[in-house]
Amino acid sequence: MDLTYSEEEEAFRARLREWLDLSLPKLPARPDPLDWPGRRAYDTTWQRLLYDAGYADVHWDASPTQRLIFLEETERAGAPYVGANFVGLLHAGPTIAAEGTAWQRERWLPPVLRGDEIWCQGFSEPDAGSDLASLRTRAVRDGDDYVVTGSKIWTSHAEVADWCELLVRTDPEAPRHRGISWLAMPMDAPGVTVRPLRTLAGSAEFAEVFLDEVRVPVANRVGEENDGWRVTMVTLSFERGTAFVGEVVACRRTLGELAAAARANGTWDDPVLRRRLGRLGAEFRALWRLIQWNVSESQQTGGVPGIGGSVFKLRYSHARQELYEAAAEVLGPDAFDLDRQWAADRLSSLSYTIAAGTSQIQRNIVAERILGLPKGR
């Protein structure tokens, strides 16, 4: 499999670098990380700049390799990440692009690309844990609407979102993987209550969402009724397969900064730390090659990442945690100072073996769908 870039792709890279050099100095100062309304405004301003320059649709209409180059170059240039627009650009948007009707694509994709609308993810539930198929939020058909009742937890960016990609149970009698539907729910609908959840770092990018007889038009269903599990697998393939690309680039940069800091403060003299940083360097180089392999495979299969994304997600989650444990060794007592970026990132890294499917779930996927092992009983 060819993992090199073509002349056309390298030309795309050069044009993007030139535009980034001209555009990034025009951005306003970054907001306080804990100010999510401010971060929404900042992130959507950046998204509008991308839209006006013709780069906003790179996540959907460009080739998978061009998407890879875009994420690589914007991260290396220090450009804003998708931030509050994460779910819309990297989860819901690609899913609607792949599975939605012409009307749904026209209604929802342009506002996401322009930065006009923000999405959140309503998948996890308090009583379902990592077993997503055990969700209990009900959607009962009533004419042209579904009436939705239930609750979600760990709903990303719910407090600043306009729409929610929502999983609901539309047939409680069907086998649990077959009675689920994927809905686009307006967050300002009557009956929606959002309660932010504070993280260890004090931020509130997650929330509980309570749904009390919320009416969602049937026209907002993506895919057929009770076919939501299949649609969800499309969403999760994007979440696990390509959504973390920019973060791998960031981790490789952080690793270099860690090595420089260790040389400066004397911790580099510890051979155990040096070996740890060297092994992490190899880990992230291998992960980058795995990304290229997954993207190449995606390009051959219509743009939807395959199950190789689970291999990547599993290893990346643990490598990121190991990276910031090494950062704590370099920082020493400053590792407890949350005003230090590496200290805050260390707390954030704890969630990675849970977010986007726990490591236990990823191991099951790898065992059953790649290695062909029998399911446990």
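Residues numbered from 1 in each chain as written. Predicted model: local features only at pLDDT ≥ 70, side-chain atom pairs only at ≥ 80, totals over all residues. Heavy atoms only, no water.

Draft legend 1. Highlighting the pattern of salt bridges. Inspection of the entire model under this criterion finds 23 salt bridges. The salt bridge involving Glu73 is made with Arg13; its shortest N-O contact spans 2.5 Å. Taken as a pair, Glu73 in helix α3 (residues 64–76) and Arg13 in helix α1 (residues 7–23) lie far apart in primary sequence, 60 residues in all. Taking relative accessible area as the criterion, Glu73 reaches 4% and is therefore assigned buried. Arg13 sits in the buried class, given a relative accessible area of 7%. A salt bridge links Arg17 to Glu73; its shortest N-O distance comes to 2.6 Å. Remark: Glu73 occurs in helix α3 and Arg17 occurs in helix α1; sequence separation between them is 56 residues. What makes Arg17 partly exposed here is its relative accessible area of 40%. One salt-bridge network, in which partners are shared between bridges, spans Glu10, Arg13, Arg17, Glu72, Glu73 and Arg76. (Salt bridge = Lys/Arg side-chain N within 4 Å of Asp/Glu carboxyl O. Helix = DSSP H or I, 4+ residues; strand = E, 2+ residues; numbered from the N terminus. Buried < 20%, exposed > 50% of the residue type's maximum accessible area, 1.4 Å probe, protein only.)

Draft legend 2. Helix α4 (residues 86–99), seen in detail. The first and last C-alpha atoms of α4 sit 19 Å apart over 14 residues, in line with the 20 Å expected at 1.5 Å per residue. Remark: the principal bend of α4, roughly 40°, maps to Ala92, with a proline, Pro94, within the next four residues. Most of α4 sits out of view: eleven of its 14 residues are buried. Of all the residues in α4, the buried ones are Phe86, Val87, Gly88, Leu89, Leu90, His91, Ala92, Gly93, Pro94, Thr95 and Ile96. (Expected span 1.5 Å × (residues − 1). Bend = angle between axes of the 7 residues up to and from the residue.)

Draft legend 3. Molecular detail of the pairing of strand β4 (residues 163–169). Among the seven residues in β4, seven count as buried, and that is most of the element. The alternating pattern of β4 places Trp163, Glu165, Leu167 and Arg169 on one face and Cys164, Leu166 and Val168 on the opposite face, and all of these are buried. With four bridges joining them, strand β1 (residues 119–122) and β4 adopt parallel strand pairing. Along β4, the bridge assignment pairs Gly122 with Leu166. Strand direction decides the pairing type here: β4 and strand β5 (residues 180–186), joined by seven bridges, are antiparallel. (Pairing = 2+ DSSP bridges.)

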